[in-house]
Amino acid sequence: MRKNDAVIVLLAVLIAGVFGGTYLWDLFENPAEVASEKKTQRETEEIDQNHELEVVSGTWDAPDFFQEEFNGHHRIEAGVGLPDQIRQEGFRNASAVLRKNNPEEILPLFAGYAPREVTGEEYEGYAWYEGTNGFELLVTPEGGNVTASGDRYDYIRMAYHADERTEDYNRDIYSETEELEDFSRADCRELVKRLCRGLGVGEEYEAVCRKMDYRVMEEEAVQYNIDGTDQKPDYRWSEEDSGYFCSISQLCNGVPLIQSNIASLVSSDILCYSGVECYVTKNQIDYAHADAVFELSYESGYAEPLPFTRIVELYREKTELMPQISFSRITGIELRALAVQGPGGRYSVEPVWFFAGYMWAEGEEAFEEYPFSVGIHAVTGEEL
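Worth saying up front: this structure is predicted, and the values here are computed from it rather than measured.

A.B. asks: What's the story with the overall build of the protein in this structure? I'm lost.
C.D. replies: A tally of helices and strands in the protein yields 11 helices and 18 strands. Counting only residues that meet the buried cut, the protein has 47% of its 384 residues in that class. In the protein, the share of contacts with a sequence separation of at least 24, taken over all contacts with a separation of at least 6, comes to 71%. Element-wise, carbon and sulfur atoms account for 46% of the exposed surface of the protein, whose accessible area totals about 19,500 Å².

Below, the structure is given as structure tokens:
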């Protein structure tokens, strides 16, 4: 391991100790009790008038952009993501259950591959289908994972590198606004809508679709071999390979909904995470994956948020515990709805502010920056 790599790993471990003292799901072991205790504490403390207005109205407030630097080591230069729906109406209390997957609703999405079920002891607990052109579909009936792909996607993924921690990261070169000449974004949206209906996402979702031209993918594609070498894939690219890679987020109160245990796994790229993704070419879904889809129930009452200034103070307090050799830069702050599992398989939906950016050690070059994030419960102030 190179010296720089060792410093980054050590720094990550130390910061994990600062920002990860408890597991995510442990923090919400009894959300109602924690919220009640916090509310009582706030009522006995002196709070500013702006916070009183927030509690009474059930609405939220935050700047569109926030900038601040602490102790010369840590700074925030970030847009703040808070939908108008929440600013105006507040975050309505909600609960959820994991939706069961119905293969009969999913199979028509991939009819072009003529999928047929494959049975056997090794497939116990889930449904497995195979079709033409190397197509495979896995469905977990009790909820959770759905994955479908054909041979073409094996090469598409060689050209799309979304992990910012890798040297071949290239997600940003694929435009979110441009469209293909013979495959409009309107047609792409129709395929995305069909997929969301088949998976049970419903109508409350948002999708970011990146244009992927076959000529760009041919330039970007890299095949990594088991022995550590890499090469250009032996594949003849054509216009039929062009399409859109879409990241789809189920929404709750107008913000992306994330399962808590998944949030722990994708914390370094939390603001770009989506529970559903797909690759669509003209008239066909070539790839689809869903981590979890929920059935949401909105309830009476609204979350009573801490002032945004207090959330920033809590983040600042955490940076004071970071190692002296560390530096950080927050580039995005956004609200998310976190689904936290409780008794009986039911989930509470909690509002959480995520601060996302980069950290590095003293003496490290810019390319050694390491993405990270910190989550803070918008009501209780608990750090995740």
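Now that the structure is up, let's keep going.
A.B. asks: Hey, could you run me through the pairing of strand 16 (residues 326-341) in this one?
C.D. replies: Along any regular strand, the residues point their side chains to alternate faces of the sheet. In terms of residue burial, strand 16 counts as a mostly covered element, since 13 of its 16 residues are buried. Sheet topology places strand 2 (residues 74-81) next to strand 16; 6 bridges connect them, and they run parallel. Bridged to Gly 81 within strand 16 is Glu 334. Both strand 12 (residues 255-259) and strand 16 contribute to a ladder of 3 bridges, which runs parallel.

A.B. asks: Please explain the pattern of salt bridges as it appears in this structure.
C.D. replies: Any two side chains of opposite charge can pair, given that their charged atoms come close. Counting across every chain of the model gives 18 salt bridges. With its nearest N and O atoms 3.0 Å apart, the salt bridge here joins Glu 105 to Arg 99. Residue Glu 105 is classed as partly exposed on the basis of its relative accessible area of 34%. In this structure, the salt-bridge partner of Arg 310 is Glu 317, at a minimum N-O distance of 3.4 Å. Judged by its relative accessible area of 37%, Glu 317 falls in the partly exposed class. Members of the salt-bridge network, linked through shared partners, are Asp 61, Asp 64 and Arg 87.

A.B. asks: Can you help me understand the state of the cysteines in this one?
C.D. replies: Here, the word disulfide means a covalent bond between the sulfur atoms of two cysteines. Inspection of every chain in the model, using the stated rule, returns 1 disulfide. For Cys 209, the disulfide goes to Cys 246, at an S-S distance of 2.4 Å. What sets the handedness of the Cys 209 and Cys 246 disulfide is the S-S torsion sign, and at about 115° it is right-handed. Note that Cys 209 is positioned in strand 8 (residues 205-212) and Cys 246 in strand 11 (residues 243-252), a separation of 37 residues in sequence.

A.B. asks: Can you help me understand a negative patch on the surface in this one?
C.D. replies: Among the surface-exposed residues, Glu 181, Asp 182, Glu 239 and Glu 240 lie close enough to one another that they form a single negatively charged patch. Positionally, Glu 240 belongs in the loop between strand 10 (230-231) and strand 11.

A.B. asks: Help me understand unusual backbone geometry in this model?
C.D. replies: Trans is the common state for peptide bonds, and a negative phi is the common state for residues other than glycine. Of note, the phi angle at Asn 71 is positive, near 40°, even though the residue is not glycine. For Asn 71, the position within the fold is in the loop between strand 1 (65-70) and strand 2. The exposed category is assigned to Asn 71, whose relative accessible area is 51%. Unusually for a residue other than glycine, Asn 283 sits at a positive phi of about 70°.

A.B. asks: Explain the nonpolar core here, please?
C.D. replies: Where a protein is soluble and globular, its nonpolar side chains tend to be buried together. The biggest cluster of nonpolar side chains holds 39 residues, and the ones touching the most others in it are Ile 76, Trp 353 and Phe 355. Core analysis: the second largest hydrophobic core is formed by 33 residues, Leu 180, Leu 191, Tyr 205 and Cys 278 among them.

A.B. asks: I keep staring at the environment of Ser 373 and nothing clicks. Help me out?
C.D. replies: Turning to its location among the elements, Ser 373 is positioned in strand 18 (residues 370-377). In the structure, Ser 373 is positioned 104 residues away from Asp 269 in sequence and 7.6 Å away in space, judged by C-alpha atoms. Setting aside residues no more than four positions away along its own chain, Ser 373 makes contact with Ser 267, Ser 268, Ile 270, Phe 354, Phe 355 and Ala 356.

A.B. asks: Is there a simple way to think about the packing of aromatic side chains in this case?
C.D. replies: Each pair of aromatic rings is reported with the distance of its centres and the angle of its planes. Summed over all chains, the structure comprises 19 aromatic pairs. Taking 6.4 Å as the distance between ring centres and 55° as the angle between the ring planes, the aromatic pair formed by Trp 60 and Trp 353 counts as tilted. One end of the pair, Trp 60, is in the loop between helix 4 (49-57) and strand 1; the other, Trp 353, is in strand 17 (residues 346-361), with 293 residues separating them in the sequence.

A.B. asks: Looking at this structure, I do not really get the side chain of Asp 213. What am I missing?
C.D. replies: In this structure, Asp 213 sits in the loop between strand 8 and helix 9 (214-220). Take Asp 213: its relative accessible area is 11%, and that puts it in the buried class. For Asp 213, the side chain forms a polar contact with the main-chain nitrogen of Arg 215, separated by 2.8 Å. What Asp 213 contacts, discounting residues up to four positions off in sequence, is Leu 180 and Ser 242.

Procedures and definitions
- Residues numbered from 1 in each chain as written.
- Predicted model: local features only at pLDDT ≥ 70, side-chain atom pairs only at ≥ 80, totals over all residues.
- Heavy atoms only, no water.
- Helix = DSSP H or I, 4+ residues; strand = E, 2+ residues; numbered from the N terminus.
- Buried < 20%, exposed > 50% of the residue type's maximum accessible area, 1.4 Å probe, protein only.
- Contact = heavy atoms within 4.5 Å.
- Areas by Shrake-Rupley, 256 points an atom, 1.4 Å probe, with all protein chains shown as cover.
- Pairing = 2+ DSSP bridges.
- Salt bridge = Lys/Arg side-chain N within 4 Å of Asp/Glu carboxyl O.
- Disulfide = S-S within 2.5 Å.
- Patch = residues over 30% accessible without salt bridge, like charges linked within 9 Å, V, L, I, M, F, W, Y side chains within 5 Å.
- Lys, Arg positive; Asp, Glu negative; His and termini not counted.
- Charge placed at Lys NZ, Arg CZ, Asp CG, Glu CD.
- Core = buried A, V, L, I, M, F, W, Y, C linked by side-chain atoms within 4.5 Å.
- Phe/Tyr/Trp six-rings, centres within 6.5 Å; stacked < 30°, edge-to-face > 60°.
- Polar contact = N/O pair within 3.5 Å; in protein donor to acceptor, adjacent residues only side chain to side chain.

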